[in-house]
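Results of the structural survey
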Amino acid sequence: MRILVLGGMSFVGRAIVEDALRAGAEVSLFGRGKTGPELFPSAIRYRGDRDSGDYAALRDGTWDAVVDVSGYFPRHVDQAMEALEDRVGRYLFVSSHAVYQRTGVGPGSDEDTPRRPPMRDADVLDDDTYGPLKVACEDDVMSRYGSRATIVRPGKVAGPYDPSDMFTYWVRRAAQGGQVALPADPEQPIQIVDSRDLGHLVVRLLVDERPGAFHAVGPAEPTTLGGLIETCARVAGTEVKIVPVSPEAAPPFFPLVRPNWPSQQRSPAKARAAGLPATPLETTAADVLAWDRERGEPPLRNGFTTAEEQALLAEVTAR
């Protein structure tokens, strides 16, 4: 199988390419060549820039499938499809759970959950535009490729090389042990998917030529945010005591904290039936801990600093 991957070599795309190569696929990579140029020496590379609309390198060649990891605006998708024309067999678009409506959705929602209205005229990605822009991207892929279109909607992706810090924060913090300040209810449901599971699902869907939309969510067993923190501590060999603190004390987008609980309880049934693995949370945590330590535990951009957390814990103790 010949697979073309559009961008995203830092994390999700990296996992997809690794799985595709293990499966014996011939992989081509399209991007600016700035992220991971040393990775995957056996892959064929095409240089281009989606932001400027430079797809000239893709005017020739044929592929059994294309995986769009870096399509955030409809123009990204539309320009790629125009450049590729009918020289690809299947178009798999990596979307997001942000496409779904935020209200009126209960636990166990599936891929037919109503989506948000599409948006095409936004130039900035933020909490209000990201999901609707992805909806428009999905619509364009489905309109162009029909039964040859596949949509994968991951939940929060976790694993080594994650640039977001969202899972890494809790892995590192739990490994330090002691009192852990949590600006949320410990019983909040949480769904993450191991990046390697996501990569395997994508390749499996391509090999099996499966159309339609698929949730990529995990872990293997349902868990809560408190349970996740305790699992990370157990893997690291430490003990933690979770101390709830005021949510108002936390900066926006605090790691894995979500006010809308049903959005963290979506059904993985369809994707599991199609081949999505179920890596135990312990394994994901252990691998992220090892990776984080190997890279020297650089400063994280999200979560509490040590000083911020200690101040909050002192406030709780003083009450």
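Above this note sits the structure.
Residues numbered from 1 in each chain as written. Predicted model: local features only at pLDDT ≥ 70, side-chain atom pairs only at ≥ 80, totals over all residues. Heavy atoms only, no water.

Pairing within the open sheet is parallel, and its 7 strands lie in the order β3-β2-β1-β4-β5-β6-β11. The open sheet has two edge strands with one neighbour each: β3 (44–47) and β11 (212–216). The mean angle between the axes of side-by-side strands here comes to 20°, regardless of whether they run parallel or antiparallel. In the sheet, strand β1 (residues 2–6) pairs with strand β2 (residues 26–31) via 5 bridges, with the strands oriented parallel. Across the sheet, the residue bridging to Arg2 is Glu26, located in β2. (Pairing = 2+ DSSP bridges. Helix = DSSP H or I, 4+ residues; strand = E, 2+ residues; numbered from the N terminus. Axes fitted to C-alpha atoms, helices over the stretch in contact; angles between N-to-C directions.)

Examined against the element boundaries, Trp291 turns out to sit in helix α8 (residues 281–294). Trp291 sits 129 residues away from Asp162 along the chain, and the two C-alpha atoms are 9.9 Å apart. Other than its neighbours up to four places away in sequence, Trp291 contacts Gly159, Pro160, Tyr161, Asp162 and Thr168. (Contact = heavy atoms within 4.5 Å.)

In this model helix α6 (residues 225–236) runs 17 Å from its N-terminal to its C-terminal C-alpha over 12 residues, within 8% of the 16 Å that 1.5 Å per residue would give. Regarding α6, the residues found buried are Leu225, Gly226, Gly227, Leu228, Ile229, Thr231, Cys232 and Ala233. Of the residues flanking the end of α6, it is Gly237, one or two places downstream, whose phi is positive at about 80°. (Expected span 1.5 Å × (residues − 1). Buried < 20%, exposed > 50% of the residue type's maximum accessible area, 1.4 Å probe, protein only.)

This paragraph deals with the packing of helix α1 (residues 12–22) against helix α5 (residues 195–208). In helix packing, the relevant descriptors are the interaxial angle and the interaxial distance, both defined with respect to the helix axes. The geometry of α1 relative to α5 is characterised by a closest axis approach of 8 Å and an angle of 55° between their N-to-C directions. Considering their axes alone, α1 and α5 lie oblique with respect to each other. Remark: the crossing between α1 and α5 carries right-handed chirality. Counted together, Val12, Ala15, Ile16, Asp19 and Ala20 of α1 and Ser195, Arg196, Leu198, Gly199, His200, Val202 and Val203 of α5 form the full contact between these two elements. Here the residues of the contact of α1 with α5 sort into 7 nonpolar, 3 polar and 2 charged. (Parallel < 35°, antiparallel > 145°, perpendicular 65-115°, else oblique. Left-handed = near helix turned anticlockwise from the far one by under 90°. Nonpolar A, V, L, I, M, F, W, Y, C, P; charged D, E, K, R; others polar.)

On to the side chain of Ser70. Structurally, the position occupied by Ser70 is in the loop between β4 (63–68) and α2 (74–84). The exposure class assigned to Ser70 is buried, which follows from its relative accessible area of 13%. Here Arg50 takes part through its side chain, which lies 3.0 Å from a polar atom of the side chain of Ser70. If we ignore the near neighbours within four places in the chain, the residues touching Ser70 are Leu6, Gly7, Gly8, Arg50 and His76. (Polar contact = N/O pair within 3.5 Å; in protein donor to acceptor, adjacent residues only side chain to side chain.)

Per the stated rule, a full pass over the model turns up 20 salt bridges. Residues Asp68 and Arg50 are paired through a salt bridge, measuring 2.6 Å at the closest nitrogen-oxygen approach. One end of the pair, Asp68, is in strand β4; the other, Arg50, is in the loop between β3 and β4, with 18 residues separating them in the sequence. Of the two residues, Asp68 and Arg50, both sit in the buried class. Arg153 is the partner of Glu138 in a salt bridge, and the nearest nitrogen-oxygen pair spans 2.8 Å. Note that Glu138 is positioned in helix α3 (residues 130–145) and Arg153 in strand β6 (residues 149–154), a separation of 15 residues in sequence. (Salt bridge = Lys/Arg side-chain N within 4 Å of Asp/Glu carboxyl O.)

Of note, the amide linkage connecting Gly218 to Pro219 takes the cis form, showing an omega dihedral of 5°. Tracing the sequence through the fold places Pro219 in the loop between β11 and β12 (223–224). Even without being a glycine, Tyr161 presents a positive backbone phi close to 75°. A positive phi angle, near 70°, is found at Asp165, a position not held by glycine. Take Asp165: it is sitting in the loop between β7 (156–158) and α4 (166–176).

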